[in-house]
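# What the coordinates show
Letter by letter, the chains look like this.
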Amino acid sequence: MKSTTLPSFWTRYRQLSSPVRESARKAYRLWAENPFHPSLHFKCIDNEEAIWSVRITPSYRALGVLECDTVTWFWISSRVRCTATHPTTYSGGAGSGLAGADIGSIPPVPT
């Protein structure tokens, strides 16, 4: 599986603490080797929009859009912070752990 990012991902990434950024790098290396490693909880959280989630830490997630064999990452942050700062949020459904993902402003995936 391939990976790309949008500027919105890097904007949020730069706002993370150093330990969380290191956890994100570690999670990405593991995801690149095995996207479905159990510790990553890589799963589709929105079938209509093909939005997938990956676990960075117990409190942090990254979201991306899966098209063919490429995930375009657009969001990385704490679930709690995003709930508090974004009035339009994605509940993620029962057990998804993604309450607070702002999907109202997802830019289109480049083709």
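See the structure shown above.
Residues numbered from 1 in each chain as written. Predicted model: local features only at pLDDT ≥ 70, side-chain atom pairs only at ≥ 80, totals over all residues. Heavy atoms only, no water.

### Section: the layout of surface pockets
Put simply, the rule is: Using protein atoms alone on a 1 Å grid, points that fit a 1.4 Å probe yet trap it form a cavity, whereas open point sets bounded by protein on both sides within 12 Å along at least five of seven lines form a pocket; residues with an atom within 4 Å of a point count as lining. Grid points are joined across faces, edges and corners, and a volume is the space filled by probe spheres set on the points. The secondary structure listing takes helices from DSSP runs of H or I that are at least 4 residues long and strands from runs of E that are at least 2 residues long, numbered from the N terminus. When residue character is reported, Ala, Val, Leu, Ile, Met, Phe, Trp, Tyr, Cys and Pro are called nonpolar, Asp, Glu, Lys and Arg charged, and the others, Gly included, polar.
By volume, the largest pocket amounts to about 250 Å³. As for the largest pocket, its lining consists of 16 residues, of which Phe9, Trp10, Ala24, Tyr28 and Trp73 are closest to the centre. Those elements that place two or more of their residues in the lining of the largest pocket are β1 (2-5), α1 (7-15), α2 (18-33) and β5 (70-78). Counting residues per element, the lining of the largest pocket draws most heavily on α2, which supplies five residues. For the lining of the largest pocket, the class distribution of residues is 12 nonpolar, three polar and one charged.

### Quick word on the nonpolar core
Formally: Definition of nonpolar core: a set of buried residues of the types Ala, Val, Leu, Ile, Met, Phe, Trp, Tyr and Cys, connected through side-chain atoms within 4.5 Å. Three labels apply to residues, based on accessible area from a 1.4 Å probe with only protein chains included: buried if under 20% of the type maximum, exposed if over 50%, partly exposed otherwise in between. For this analysis, residues touch if any pair of their heavy atoms sits within 4.5 Å.
Grouped together as the largest cluster of nonpolar side chains are 18 residues, with contacts concentrated most on Trp31, Phe42, Val54, Ile56, Ala62, Trp73 and Ile76. Broken down by element, this core gets its largest block of residues, four residues, from α2. When sequence neighbours within four positions are dropped, the list of residues in contact with Ala62 reads Phe9, Trp52, Ser53, Val54, Ile56, Trp73, Trp75 and Ile76. Leu63, Val65, Phe74 and Trp75 belong to the second largest nonpolar core, which has seven residues in total.

### Brief notes about the pattern of salt bridges
As a reminder, the rule being used: Between Lys or Arg on one side and Asp or Glu on the other, a salt bridge is scored when a side-chain nitrogen of the former is within 4 Å of a carboxyl oxygen of the latter.
Counted according to the given criterion, the structure contains three salt bridges. Between Glu22 and Arg25 there is a salt bridge; the shortest N-O distance is 2.7 Å. One end of the pair, Glu22, and the other, Arg25, are both in helix α2, three residues apart, so they sit about a helical turn from each other. For Glu22, a relative accessible area of 37% translates into the label partly exposed. Measuring nitrogen to oxygen at the nearest pair gives 3.5 Å for the salt bridge that ties Arg29 to Glu22. Members of the salt-bridge network, linked through shared partners, are Glu22, Arg25 and Arg29.

### Observations regarding the packing of aromatic side chains
Heads up, the rule is: In this scheme Phe, Tyr and Trp rings, the latter by its six-membered ring, pair at centre separations within 6.5 Å, and the angle between planes marks the pair as stacked below 30 degrees, edge-to-face above 60, and tilted otherwise.
For the structure on display, the rule yields 10 aromatic pairs. Geometrically, the ring pair formed by Phe9 and Tyr13 is stacked, given 6.2 Å between the ring centres and 20° between the ring planes. With a gap of four residues between them, Phe9 and Tyr13 both fall in helix α1, about one helical turn apart. The residues Phe9 and Tyr13 share a single accessibility class, namely buried. For the pair Trp10 and Tyr13, a centre-to-centre distance of 5.2 Å together with 80° between the ring planes defines the contact as edge-to-face. Here Trp10 and its partner Tyr13 are both found in helix α1, three residues apart, which amounts to about one turn of the helix. Relative accessible area serves as the criterion here: at 36%, Trp10 is assigned to the partly exposed category. Exposure remark for Tyr13: the relative accessible area of 11% places this residue in the buried category. Here the aromatic residues Tyr28, Trp31, Phe36, Phe42, Trp52 and Trp73 are joined through ring pairs into a cluster of three or more.

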